[in-house]
Amino acid sequence: MSKSRATIGTQRRKELRRQLKRNYSLYFFLLPAAALIGIFCYAPMYGILMAFQNYSPAKGILGSAWVGLKWFRTFFEMPRFWQIVKNTLTVSLYSLVAGFPVPILLALMVNSVKNTRFRKLTQTVTYMPHFISTVVLVGMLSSFLSPRSGFLNQLIAALGGPEGLYYMGSAKAFPHLYVWSGIWQNMGWNSIIYLAALSAVDQELHEAAMVDGAGKLKRILHIDLPAILPTMVILLIMNAGSIMSIGYEKVYLMQNDLNVTAAEVISTYVYKIGLGQQQYSYSAAIGLFNNGINFILLIIVNKICKKISGSSLW
């Protein structure tokens, strides 16, 4: 038994060496990408040790005192802990539930357009907001929703809404402004991958369905959606794996003293204590906790999707 295993192992090693010799040029192309990932993704993981230390820049990671789980307990016992976690989950889940179907619907609608010029125009118009910087987008929101001169504020008042309301300072309005401005900005860009998947659908399937009397809606439900289902599942898993991670830039720019109760999320809190107060170990502990929750969610959602649809990341 052991001899057969040794023989199999020897054969596999020989086959591996044969493949390396045959395709050595392809592996050279992988070296820059592997080096990039190693330097910028794996090497910095050494800094995780700061979460368990009382880190001092003067002493470095090797010389700083070890404090164990002190900073994790500090974060969990903080009075605002549940509020910050709740805000993070509220904004993130809202973005996922409201924003995930929109690019799919847009891709299906664009794919159904027969006029090539109109389709290209629609794609260009919906892609363009993606290239607006976060600072400019938040500036646009502030200008459009200004209580005195904002045209959106005036439009809301003309339709029977409250007059002169400062929406950018409203804690209740913050999640809606953040999520729907993000959907408007990124729906066209996010639809590209679905349009690419739809372009691979065999048109003979649509022709056969039309011969059988299937309308447009039935063809979308029974041909287009099944074709992009694996892509949808993979993107859903990846989005679910970053539920606790919200980019701090836009949230931080939209924050003010009036809406901070709803706008303070984990990423902005880490930014403030890490760079503002220079509590490096505390911010590293919060970041590690955040990534740990994301990792667990990624595994759970991946298993659920694999059972339900058969598609998964692994």
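A few words on a nonpolar patch on the surface. Nonpolar side chains collect at one region of the surface, where F295, I296, I300, I304 and I308 lie side by side and expose about 530 Å² of accessible area between them. Locating F295 in the fold gives a position in helix α17 (residues 280-308).

Going through the model one piece at a time under the given rule, you end up with three salt bridges. The salt bridge involving E264 is made with R80; its shortest N-O contact spans 3.4 Å. In this pair, E264 is assigned in the loop between α15 (260-263) and α16 (266-276) and R80 in the loop between α4 (70-76) and α5 (81-99), connecting sequence segments 184 residues apart. E264 sits in the buried class, given a relative accessible area of 3%. The class of R80 is partly exposed, set by a relative accessible area of 32%. The partner of K272 in a salt bridge is E264, with the nearest N and O atoms 3.0 Å apart.

Membership of the largest hydrophobic core comes to 22 residues, with the highest contact counts inside it found for F100, I104, L108, Y194, I228, M232 and I237. Among the elements of the structure, α6 (101-112), α11 (192-199), α13 (216-240) and α17 are those that each provide at least two residues to this core. Here this core takes six residues from α13, the largest share from any one element. When residues no more than four places from it in sequence are discounted, the contact partners of I228 are I104, L108, Y194, A197 and L198. The next biggest cluster of nonpolar side chains, apart from the first, holds 20 residues, and it includes A51, W71, F81 and I84.

It should be kept in mind that the predicted coordinates are not to be read in detail where pLDDT is low. Taken residue by residue, the chain gives an average pLDDT of 87. The fraction at 70 or more is 98%. Averaged pLDDT values over the elements of the chain bottom out at 76 in helix α1 (residues 2-22) and peak at 93 in helix α10 (residues 174-190).

Our focus in this paragraph is the packing of aromatic side chains. The full count for this structure, using the stated rule, is 19 aromatic pairs. For the pair Y24 and F28, a centre-to-centre distance of 6.2 Å together with 90 degrees between the ring planes defines the contact as edge-to-face. Taken together, the residues Y24 and F28, both in helix α2 (residues 24-42) and four residues apart, mark about one turn of the helix. Centroid distance F131 to W189: 5.5 Å. Interplanar angle 85 degrees. Geometry classified as edge-to-face. Here the residue F131 occupies a position in the loop between α7 (116-127) and α8 (134-144), and W189 occupies one in helix α10, the gap between them amounting to 58 residues. Three or more aromatic residues joined by ring pairs form one cluster here, namely W71, F75, F76, F81, W82, Y269, Y282 and F289. Between K70 and the ring centre of W71, over which it is positioned, the NZ or CZ distance is 4.6 Å.

Positioned with a positive phi, Q278 is a non-glycine residue whose angle comes to about 55 degrees. Classification of Q278 as exposed rests on a relative accessible area of 53%.

So, about the side chain of S283. For S283, the location among the structural elements is in helix α17. Assessed through its relative accessible area of 12%, S283 is described here as buried. Setting aside its immediate chain neighbours within four residues, S283 contacts V270, I273 and G274.

Moving on to a positive patch on the surface. Taken together, R13, K14, R17 and K21 make up a surface patch of like positive charges. By the element assignment, K14 lies in helix α1. Classification of K14 as partly exposed rests on a relative accessible area of 46%.

In this section: α16. The complete set of buried residues in α16 reads I266, S267, T268, Y269, I273 and G274. At its buried positions, α16 is contacted by α4, α5, α14 (248-254), α15 and α17. At the C-terminal side of α16, Q278 shows a positive phi close to 55 degrees.

This part takes up the environment of I237. Mapping I237 onto the fold places it in helix α13. Residue classification places I237 among the buried residues on the basis of a relative accessible area of 0%. C-alpha separation for the pair I237 and V91, spaced 146 residues apart in sequence, amounts to 18 Å. Apart from the residues within four sequence positions on either side, I237 is in contact with L298, V301, N302, C305, S311, S312 and L313.

Rules behind the numbers
- Residues numbered from 1 in each chain as written.
- Predicted model: local features only at pLDDT ≥ 70, side-chain atom pairs only at ≥ 80, totals over all residues.
- Heavy atoms only, no water.
- Patch = residues over 30% accessible without salt bridge, like charges linked within 9 Å, V, L, I, M, F, W, Y side chains within 5 Å.
- Areas by Shrake-Rupley, 256 points an atom, 1.4 Å probe, with all protein chains shown as cover.
- Salt bridge = Lys/Arg side-chain N within 4 Å of Asp/Glu carboxyl O.
- Helix = DSSP H or I, 4+ residues; strand = E, 2+ residues; numbered from the N terminus.
- Buried < 20%, exposed > 50% of the residue type's maximum accessible area, 1.4 Å probe, protein only.
- Core = buried A, V, L, I, M, F, W, Y, C linked by side-chain atoms within 4.5 Å.
- Contact = heavy atoms within 4.5 Å.
- pLDDT = per-residue confidence, 0-100.
- Phe/Tyr/Trp six-rings, centres within 6.5 Å; stacked < 30°, edge-to-face > 60°.
- Lys NZ or Arg CZ within 6 Å of the ring centre and 35° of its normal.
- Lys, Arg positive; Asp, Glu negative; His and termini not counted.
- Charge placed at Lys NZ, Arg CZ, Asp CG, Glu CD.

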